[in-house]
Amino acid sequence: MSLNELEKENQELKRTLRLMLSKAERNESVLNSFFDVEIRLLSCARLSELLDLMLIEFKDLFKLSNVNLILFDPEHAARTLLDDYVPPPPGNTLRFVQSQRLLKSLYPNHKLIVGAPSEAVRREAFPVADNPIESCALLPLIRQNCLIGSLHLGSADASRYTQHVRYDYIQHLASVISVCIENCINQENLHRLSSIDMLTKVHNRRSFDQEIVRELSRASRANHSLACLFMDLDHFKVVNDTYGHQTGDRVLRTVGLFLGKQLRKTDIIARYGGEEFAVLLPNCDKARAMEIADTLRQKLSRLIFRDENAKPFRMTTSVGVSLCTPANYPKESLNNIAYQLIQSADKAVYESKHNGRDQVSFTQFQEPQIDLSQMLN
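Residues numbered from 1 in each chain as written. Predicted model: local features only at pLDDT ≥ 70, side-chain atom pairs only at ≥ 80, totals over all residues. Heavy atoms only, no water.

1. As for helix 6 (residues 205–222)
Okay, so step 1: Its 18 residues give helix 6 an end-to-end C-alpha distance of 25 Å, which sits within 8% of 26 Å, the value for a rise of 1.5 Å per residue.
Okay, so step 2: Here helix 6 has its buried residues at Ser207, Phe208, Glu211, Ile212, Glu215, Leu216, Ala219 and Ser220.
Okay, so step 3: Looking one or two residues beyond helix 6, the residue adopting positive phi is Asn223, at roughly 55°. (Helix = DSSP H or I, 4+ residues; strand = E, 2+ residues; numbered from the N terminus. Expected span 1.5 Å × (residues − 1). Buried < 20%, exposed > 50% of the residue type's maximum accessible area, 1.4 Å probe, protein only.)

2. Notes on unusual backbone geometry
Apart from glycine, the bulk of residues carry a negative phi angle, and the bulk of peptide bonds sit in the trans form.
Okay, so step 1: In the Ramachandran plot, Gln144 falls in the positive-phi region, its phi being about 55° despite a non-glycine side chain.
Okay, so step 2: Mapped onto the secondary structure, Gln144 falls in the loop between strand 4 (135–143) and strand 5 (146–155).
Okay, so step 3: Given a relative accessible area of 71%, Gln144 falls into the exposed group.

3. A closer look at the nonpolar core
Okay, so step 1: The biggest cluster of nonpolar side chains holds 40 residues, and the ones touching the most others in it are Leu41, Met54, Phe58 and Leu151.
Okay, so step 2: When contributions to this core are tallied by element, the ones reaching two or more residues are helix 1 (3–43), helix 2 (47–61), strand 1 (66–72), strand 4, strand 5 and helix 5 (168–195).
Okay, so step 3: Ignoring anything within four residues of it in the chain, the contact list for Leu151 reads Met54, Phe58, Val67, Asn68, Leu69, Tyr107, Ala137, Leu138, Leu139, Leu141 and Ile177.
Okay, so step 4: Val239, Leu281, Ala293 and Met315 belong to the second-largest nonpolar core, a separate cluster that totals 32 residues. (Core = buried A, V, L, I, M, F, W, Y, C linked by side-chain atoms within 4.5 Å. Contact = heavy atoms within 4.5 Å.)

4. Structural notes on the sheet that holds strand 12 (residues 360–362)
Okay, so step 1: Reading across the sheet, the five strands line up as 7-8-6-11-12 and stay open at both edges, with mixed pairing between neighbours. Each having just a single partner strand, strand 7 (268–271) and strand 12 make up the two edges of the open sheet. On average, adjacent strands in this sheet sit at an angle of 20° to one another, irrespective of strand direction. (Pairing = 2+ DSSP bridges. Axes fitted to C-alpha atoms, helices over the stretch in contact; angles between N-to-C directions.)

5. Side note on the pairing of strand 5
Okay, so step 1: Across the ten residues of strand 5, nine count as buried, placing the element largely inside the fold.
Okay, so step 2: The pairing of strand 1 with strand 5 spans six bridges and is classified as antiparallel. Along strand 5, the bridge assignment pairs Val67 with Leu153.
Okay, so step 3: With nine bridges joining them, strand 4 and strand 5 adopt antiparallel strand pairing. Residue pairing for strand 5: Cys136 is matched across the bridge by Gly154.
Okay, so step 4: Once strand 4 ends, the chain turns through two residues before running back antiparallel as strand 5, passing Gln144 with a positive phi of about 55°.

6. Remarks on the environment of Leu233
Okay, so step 1: Along the chain, the position of Leu233 falls in strand 6 (residues 226–233).
Okay, so step 2: Between the C-alpha atoms of Leu233 and Ala345, which are 112 residues apart in sequence, the distance is 15 Å.
Okay, so step 3: Each residue touching Leu233, except ones within four places of it in the same chain, is listed here: Val251, Leu252, Val255, Glu275, Leu300, Met315, Thr316, Thr317 and Lys353.

7. With respect to the pairing of strand 6
Okay, so step 1: In terms of burial, strand 6 is largely enclosed, as eight of its eight residues are buried.
Okay, so step 2: Across the two faces of strand 6 the burial is the same, with Leu226, Cys228, Phe230 and Asp232 and Ala227, Leu229, Met231 and Leu233 all buried.
Okay, so step 3: Note that strand 6 and strand 8 (residues 276–282) share seven bridges and pair antiparallel. Residue pairing in the sheet places Cys228 in a bridge with Leu280 of strand 8.

8. So, the pattern of salt bridges
Okay, so step 1: Applying the stated criterion across every chain yields a total of 18 salt bridges.
Okay, so step 2: Residue Glu308 is joined to Arg250 by a salt bridge in which the shortest nitrogen-to-oxygen separation is 2.7 Å. With Glu308 in the loop between strand 9 (305–306) and strand 10 (312–313) and Arg250 in helix 8 (residues 245–262), this pair connects stretches of sequence that are 58 residues apart.
Okay, so step 3: Residue Arg297 is joined to Asp294 by a salt bridge in which the shortest nitrogen-to-oxygen separation is 2.8 Å. You can see Arg297 and its partner Asp294 sitting in helix 9 (residues 286–301), three residues apart, about one turn around the helix.
Okay, so step 4: Of the residues examined, Asp294 reaches a relative accessible area of 25% and is grouped as partly exposed.
Okay, so step 5: Taken together, the shared-partner salt bridges connect Asp232, Asp234, Lys353 and Arg357 into one network. (Salt bridge = Lys/Arg side-chain N within 4 Å of Asp/Glu carboxyl O.)

9. Comments concerning the state of the cysteines
Okay, so step 1: For the coordinates displayed, the defined rule picks out zero disulfides.
Okay, so step 2: Not engaged in a disulfide, the cysteine Cys44 finds its nearest cysteine sulfur in Cys184; these two sulfurs lie 6.0 Å apart.
Okay, so step 3: Overall, Cys44 belongs to the buried group, its relative accessible area being 11%.
Okay, so step 4: In this model Cys180 remains outside any disulfide bridge; the closest cysteine sulfur is found in Cys184, 6.5 Å from its own. (Disulfide = S-S within 2.5 Å.)

What follows is the structure, encoded as structure tokens:
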């Protein structure tokens, strides 16, 4: 072999080595990015946080044209956690299905799909897209050999996803996402069960006691008032004794549902005792709180309940109202303020009952006693 040929071969080897090193560096960068994303996915505590990471940040992180997600949610376990969640634009980035028919048609073998999408796949996977989807990766989300969803990564670059490249890291990402979705749903539903009264589906007393401190803290920062309503169903023991406890339970369920429909999403509703409900009204002055309380009283008195034999009857309620502006008091005393606010509203309920029931009473919030020696220390 001549010297020129050796030199040419040497140059070719050097060029090949540079290309391999460059490709290795790119692959290392990609793997590091996926490792960082994996850590962030695993750190998500809420389903809404996880969805924002996938549907919003994945577009920028992986330079994609479109990201869509389909979740199998036959029992609305996910949807109940996303009442206030608004999927990012464009529309239809998040879909729920109650049947696995679509998922099974996309993944008959539970295998990753990459390459240029067919027109049918494009319609299902990317119903709305900013740019034409020239290549895509469709990730089956699988838990315990069951399809729980499908994540769609779409690109306007036809060479981005091809059938000639292995995508082991994407398949691994799909496994991580599947675990994270299941964990978020399970953890949030577990927390929800611990804070919800199972009969009426409103907050329980423990949850209410936590929420009132949080609302007082918000009200203190915003310098607005917080109203507290206590509602006690009149003669509820008579309902249980006359119509039976199952009818009594239906009454409580109906009242819980009624309150949820009448009040704002920002209001907190709880079953505080056997037949007693508590309501927090943020940013609500005395006149408005009294008006809301009396409206609830009147509307509830017009509800028709039925016993086991469909015999109709009505109920009335006694309502107590109190109100405070927590910014007027030291923040260190929020727990004490919460106790005093509840006590004031409860006292107002007894006043309504004492004066004949089926009415609204107001009790002035009693300023909590502050231990000045503790504040000085």
